[in-house]
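Coordinate inspection notes
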Amino acid sequence: MAETEGIPCLLMRGGTSKGAYFLASDLPAGPKERDALLLRIMGSPDPRQIDGLGGAHPLTSKVAVVSPSPDGDADVDYLFLQVGLDEAVVSSRQNCGNLLAGVGPFAVERGLVRAGEGNTEVRIRMLNTGSFATAAFPTPGGRPEYDGGLAIDGVPGTAAPVRLNFEGTAGSSTGALFPTGRVLDTVDGMAVTCVDNGMPSVLLRAADLGLAGDESPAELEADTALADRLAGLRKNAAALMGMGDVSTATVPKMVLLSPARNGGAVTTRSFLPVRVHTSIGVLGALTVAAGILADGSVGHGLAALPGPGEPCRIEHPTGHFDVEVGLAEGLDGVTVTRSAALRTARKIFDGRVFPRPRP
Ligand code: NQM
């Protein structure tokens, strides 16, 4: 389709993020051409993204590309792309569980999946990592219902629940739940836990960096000495995790941990890796939960761990996020037995997007 006629696009909030959702068949098949087009659609590079759909923050500069799945075990394939703000970079190196919340409804909206009676389950293969998720959401009368009674912190009001059950998240980007082979490492003299339950992350104790751990994202972003320290730690931890050059990657995330303030398990501040998350990612929260549940990790001692069958409440800058994570000790060490969470999603705009002209 000629760019001048516009490209079909659904703008959706997925969890606490927002992004542009496309059918893969509406975008160029080659990643280079596709990414160049997405940069012009989102208005990058430009920190304000003034000439495109992007919202001038990593959490609103996201794209979901969805297609029917050739894998017999999935209904649809979902590729997540993080679009840079001031750099012309589109990265597929991380997954996004927040945009994932909109993938099931999008698949129904676009006719890739037929809605069930009252509720629909969509099985999604997540191409960034090769792991799977099943999304369940209400579809009364055969259409996704976005209105509902579930409040999630970081989003005003309430909306219909989207239940996300994950499989195969442990080590999905790095090959192991604890990619260094240890639950605790020392990097640049600091105790860290490198963990990947769907989002490769480096967990640190805020107190070890001289922080309380409940500073606001703006305060943390203004601390340039902290940014330098975290950049060095991230580079060295990523090497230990076998992740290679992460200078243009958005993973691993750096997550500061401190004791919970409001009855949850732990307080978090998550770096994306430069801007600070206003809440926390879905796979990010599942990864923090797996990290603190593991005996001997940096967060284990400071966390108020949930009882059997209780959700793990991850506190963040705008409230909390309850996730369900189970760990078991197996012959090969610690394994993840369950990863699940509740999110909401909303269709905001359906239409055609007109990319900026080629430079
Ligand atoms: O961890 C932001 C988000 C995310 C990722 C990020 C996410 C997840 O909140 O599953 O959703 O960590 O870059 O959208």
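Since this is a predicted model, take the numbers as computed values, not measurements.

Looking at the overall build of the protein chain
- Helix and strand content of the protein chain: five helices and 16 strands.
- Against the 2.2 N^0.38 benchmark of 21 Å for 359 residues, the protein chain shows a C-alpha radius of gyration of 20 Å, consistent with a compact globule.
- The buried share among the 359 residues of the protein chain stands at 54%.
- Across the protein chain, the fraction of contacts at a sequence separation of at least 24, relative to all contacts at a separation of at least 6, is 64%.
- When the accessible surface of the protein chain is totalled, it reaches about 14600 Å², and 51% of it is carbon and sulfur.
- Taking the 31 positively charged and 39 negatively charged side chains of the protein chain as two groups, their mean positions are separated by 4 Å.

Points about the pairing of strand β16 (residues 333-353)
- Where strand β1 (residues 7-14) and β16 come together, eight bridges link them in antiparallel fashion. The residue of β16 that forms the bridge with M12 is K347.
- Sheet topology places strand β8 (residues 161-167) next to β16; six bridges connect them, and they run antiparallel. Among the inter-strand pairings, P161 is bridged to a residue of β16, identified as T344.
- With eight bridges joining them, strand β15 (residues 319-330) and β16 adopt antiparallel strand pairing. Looking at the pairing, E324 lines up with A340 of β16.
- Counted between consecutive antiparallel strands, the loop separating β15 from β16 contains two residues.

Comments concerning the environment of R125
- On the secondary structure map, R125 appears in strand β6 (residues 118-126).
- Along the chain, R125 and D73 lie 52 residues apart, while their C-alpha atoms are 8.2 Å from each other.
- Residues contacting R125, with those up to four places away along its chain left out, are S69, P70, D71, A74, V76, D77, Y78, S131 and F132.

Quick look at the side chain of S91
- With respect to the helices and strands, S91 occurs in strand β5 (residues 90-91).
- A polar side-chain atom of S91 sits 3.1 Å from the main-chain amide nitrogen of R93.
- Non-local contacts of S91, meaning those with residues more than four positions away in its chain, are made with F80, L81 and Q82.

Section: empty space enclosed by the protein
- With the rule as written, the count across this model stands at one cavity of 30 Å³ or more.
- Approximately 50 Å³ is the volume attributed to the largest cavity.
- Lining the largest cavity, in full, are P105, F137, P138, P144, E145, Y146, A160, P161, V162 and A345.
- Of the residues assigned to the lining of the largest cavity, the class counts are nine nonpolar, no polar and one charged.

A word on the layout of surface pockets
- Considering only enclosed or pocket space, the largest pocket measures out at about 960 Å³ in volume.
- Going through the elements one at a time, β4 (76-83), α2 (97-109), α3 (217-222), α4 (224-240), β12 (253-259), β13 (266-271) and α5 (282-293) are the ones with two or more residues in the lining of the largest pocket.
- Broken down by class, the residue content of the lining of the largest pocket amounts to 23 nonpolar, 16 polar and eight charged.
- In terms of domain composition, the lining of the largest pocket takes at least three residues from each of domain 1 (3-169 + 344-353) and domain 2 (185-340).

Digging into the site of the ligand
- Taken together, 15 residues form the shell around the ligand, and within it S17, G97, N98, H277 and L283 come nearest.
- One of the side-chain nitrogen or oxygen atoms of S17 is found 2.5 Å away from an oxygen atom of the ligand.
- For the ligand, an oxygen atom lies 3.1 Å from a polar atom in the backbone of V282.
- Assessed atom by atom at 2 Å from the grid points, the ligand resides in the largest pocket.
- Among the secondary structure elements, those contributing two or more residues to the shell around the ligand are α2 and α5.
- It is α5 that contributes the most residues to the shell around the ligand, three residues altogether.
- Its residues placed into classes, the shell around the ligand shows six nonpolar, seven polar and two charged.

Regarding the pattern of salt bridges
- Tallied over the entire structure, the rule returns 17 salt bridges.
- Put simply, K347 and E109 hold a salt bridge, and the shortest N to O gap is 3.3 Å. Linking K347 in strand β16 with E109 in helix α2, this pair joins segments that are 238 residues apart in sequence.
- Here E109 falls in the buried class, since its relative accessible area comes to 18%.
- A salt bridge links D208 to R205; its shortest N-O distance comes to 3.0 Å.
- Among the charged side chains, a salt-bridge network with shared partners connects E3, R40 and R358.

Some points on the domain arrangement of the protein chain
- When its domains are assigned, the protein chain resolves into domain 1 (3-169 + 344-353) and domain 2 (185-340).
- For domain 1 versus domain 2, the separation of C-alpha centres amounts to 25 Å.
- Taken together, the 20 residues of domain 1 in the interface contact 31 residues of domain 2.
- Together domain 1 and domain 2 conceal approximately 2000 Å² of surface at their shared face, both sides included; 52% is due to carbon and sulfur atoms.
- It is R93, D153 and T169 that lose the most area in domain 1 upon contact with domain 2, and together they represent 30% of the buried surface on that side.
- Across the domain 1-domain 2 interface, the total number found is one salt bridge.
- The partner of E324 in a salt bridge is R163, and the shortest N-O contact between them spans 3.0 Å.
- Taken together, the connections running from domain 1 to domain 2 amount to ten residue pairs in polar contact (both at pLDDT 80 or more).
- Counting residues per element, the side of domain 1 that touches domain 2 draws most heavily on β8, at four residues.
- Split into classes, the residues belonging to the side of domain 1 that touches domain 2 amount to seven nonpolar, ten polar and three charged.

Cut-offs used in this document
- Residues numbered from 1 in each chain as written.
- Predicted model: local features only at pLDDT ≥ 70, side-chain atom pairs only at ≥ 80, totals over all residues.
- Heavy atoms only, no water.
- Helix = DSSP H or I, 4+ residues; strand = E, 2+ residues; numbered from the N terminus.
- Rg over C-alpha atoms; globule rule 2.2 N^0.38 Å.
- Buried < 20%, exposed > 50% of the residue type's maximum accessible area, 1.4 Å probe, protein only.
- Contact = heavy atoms within 4.5 Å.
- Areas by Shrake-Rupley, 256 points an atom, 1.4 Å probe, with all protein chains shown as cover.
- Lys, Arg positive; Asp, Glu negative; His and termini not counted.
- Charge placed at Lys NZ, Arg CZ, Asp CG, Glu CD.
- Pairing = 2+ DSSP bridges.
- Polar contact = N/O pair within 3.5 Å; in protein donor to acceptor, adjacent residues only side chain to side chain.
- 1 Å grid on protein atoms, 1.4 Å probe; cavity = no way out; pocket = protein on both sides within 12 Å on 5 of 7 lines; lining within 4 Å.
- Points joined across faces, edges and corners; volume = space filled by probe spheres on them.
- Nonpolar A, V, L, I, M, F, W, Y, C, P; charged D, E, K, R; others polar.
- Domains from an automatic or database assignment.
- Near = heavy atom within 4 Å.
- Sits in = over half its atoms within 2 Å of the grid points.
- Salt bridge = Lys/Arg side-chain N within 4 Å of Asp/Glu carboxyl O.
- Buried area = accessible area lost by both parts, 1.4 Å probe.

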